[in-house]
Amino acid sequence: MIILIFIEKDLEDRLSNKFNKKTGLYFIHIPSTGGSYIREKVFSSSKSVHWYGKNIQGKHDYHPCGLTQPVVYKGSRNHTKTYKFDPQFLNPKNLKFAVVRNPFDQYVSSYLITKEERSSSLTFEDFIKEVCDPGFTPSTEFGESFFISRKFLFYQIFDDFGDCHCDILLRRESLNDGLEIVCNKLGIPGNIMGSTEKPPGEWGERRIRQGREKRDFRTYYTDSLVDIVAKKRSREINAFGYSFENSNYNTIIDPSKIRYINKEDKISFGQKNENKN
């Protein structure tokens, strides 16, 4: 118990230090983690919150990455730009953050979206076997494929050397709680609405239409399907402290020791690379 309290206090101190001298926010949008809600509802009118393309009119890359040479998926508008040269990203006064999500829950969400868009007869088992197959590749006819075909779901938040661009990460599972903490810490107002299970506007309406309201992602899985996803996404699950059974997580994650090098598809844990060339 004493050790646990010490660990939690150490994490709290490290996270508090990240807010020092910060006066704004820079948001990095990972697909399917509540990013549209953050951009279009919570901080739509805030001059202190920034993201790539905020002032671009019309459709653009909503999900840029932090690599010098972006991973380009042919035929996709997204995942083709980089935010690392954005002046607001480079502004040291902006706290950089993104949102991550339990992969087990993500696959259920992607399944329900795909079922609505492609085939109402698609079973979860068939979906999982298709998208977790090592040979699965993205297709313009399969919108969700551009995200769930990634070697590492959250590669967007890492630079060429594997260091995480973000100061903090929030969790999709407790998004409003995390946003409230951030807003209070920095004194930035946010229009926080709804809840994780009942998001506002079109997002909530889509959940109801897809039968996702108050759903428990665990009910979609058999033991064999749990094993398939656990094997496919073991790195994301371990790196961000997720599991199939547990739902009690820290609201905010300190990602400073999580490293992922995209070109090598390699994840590790340790200090940032201070000798970048």
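Before going into details, it helps to say that this report is about the structure given with it. Position numbers for residues count from 1 along each chain, tracking the sequence in the order it is written. Local features in this predicted model are restricted to residues of pLDDT 70 or higher, and side-chain atom pairs are both shown and tallied only at a pLDDT of 80 or more, whereas totals for entire chains, interfaces and linings draw on every residue. Working from all heavy atoms in the structure, the side-chain values ignore hydrogens and water.

Quick look at the overall build of the chain
Line of reasoning, step 1. Within the chain, the secondary structure is distributed over ten helices and seven strands.
Line of reasoning, step 2. Three labels apply to residues, based on accessible area from a 1.4 Å probe with only protein chains included: buried if under 20% of the type maximum, exposed if over 50%, partly exposed otherwise in between. Every one of the 277 residues in the chain was classed for burial, and the buried ones make up 49%.
Line of reasoning, step 3. Residues count as neighbours in contact if any of their non-hydrogen atoms are within 4.5 Å of one another. Looking at the chain alone, contacts between residues at least 24 apart form 68% of all its contacts between residues at least 6 apart.
Line of reasoning, step 4. As presented, the chain carries roughly 14200 Å² of accessible surface, and 49% of it is formed by carbon and sulfur atoms. A run of DSSP states H or I qualifies as a helix once it reaches four residues; a run of E qualifies as a strand once it reaches two. Both are numbered from the N-terminal end. Methods summary: accessible areas were calculated by the Shrake-Rupley approach with a probe of 1.4 Å, and residue burial reflects only the protein chains presented.

Some details on the side chain of Q106
Line of reasoning, step 1. Here Q106 shows up in helix α4 (residues 103-117).
Line of reasoning, step 2. Judged by relative accessible area, Q106 falls into the buried class, the value being 2%.
Line of reasoning, step 3. Engagement of the side chain of Q106 in a polar contact is seen with the side chain of S32, the distance being 3.1 Å.
Line of reasoning, step 4. Those residues in contact with Q106, other than ones at most four positions away along the chain, are P31, S32, R101, E144 and F147. Pairs of N or O atoms within 3.5 Å make up the polar contacts considered here, provided that, within protein, one atom can donate a hydrogen while the other can accept it, and that residues adjacent in sequence are counted only when both atoms are side-chain atoms.

Quick word on the nonpolar core
Line of reasoning, step 1. Ranked by size, the top nonpolar core spans 48 residues in total, and within it Y107, F127, I157, Y221 and F240 carry the most contacts.
Line of reasoning, step 2. Those elements that place two or more of their residues in this core are β3 (94-100), α4, α5 (124-131), α6 (145-148), α9 (223-232), α10 (234-239) and β6 (258-261).
Line of reasoning, step 3. The leading source of residues in this core is α4, at five residues.
Line of reasoning, step 4. Dropping the residues within four chain positions of it, Y221 is found in contact with P103, F104, Y107, V108, F124, V226, V229 and F244.
Line of reasoning, step 5. In this structure, L15, V42, V49 and L179 belong to the second largest nonpolar core, which totals 22 residues. Residues enter a nonpolar core if they are buried and are Ala, Val, Leu, Ile, Met, Phe, Trp, Tyr or Cys, with the set joined through side-chain atoms within 4.5 Å.

Comments concerning the pairing of β3
Line of reasoning, step 1. The buried fraction of β3 is high, at seven of seven residues.
Line of reasoning, step 2. Both faces of β3 are covered, namely the face carrying N94, K96, A98 and V100 and the face carrying L95, F97 and V99.
Line of reasoning, step 3. In this sheet, β3 lies alongside strand β1 (residues 24-27) in parallel orientation, the contact comprising four bridges. In the sheet register, L25 faces β3, and the bridge partner there is L95.
Line of reasoning, step 4. One bridge is not enough; two strands pair if DSSP finds at least two bridges between them. The pairing of β3 with strand β4 (residues 168-171) spans four bridges and is parallel. Bridging from a neighbouring strand, A98 pairs with L169 of β4.

Overview of α9
Line of reasoning, step 1. Here α9 has its buried residues at L225, V226 and V229. Along α9, the residues classed as buried sweep out an arc of 105 degrees about the axis, all on the same side. The exposed set on the far side of α9, more than 90 degrees from its buried face, consists of D223, D227 and K231.
Line of reasoning, step 2. Each element contacted by the buried residues of α9 is listed here: α4, α5 and α10. By construction, the arc corresponds to the directions joining the helix axis to the C-beta atoms.

Focus on the sheet that holds β1
Line of reasoning, step 1. Ordered in space as β2-β1-β3-β4-β5, the five strands form an open sheet in which the pairing is mixed. Looking at the sheet topology across the chains shown, the edges are occupied by β2 (49-51) and β5 (252-253).
Line of reasoning, step 2. Across three bridges, the pairing between β1 and β2 is parallel. Each bridged residue has a counterpart across the sheet, and for L25 the counterpart in β2 is V49.

Shape descriptors only; they carry no functional weight alone.
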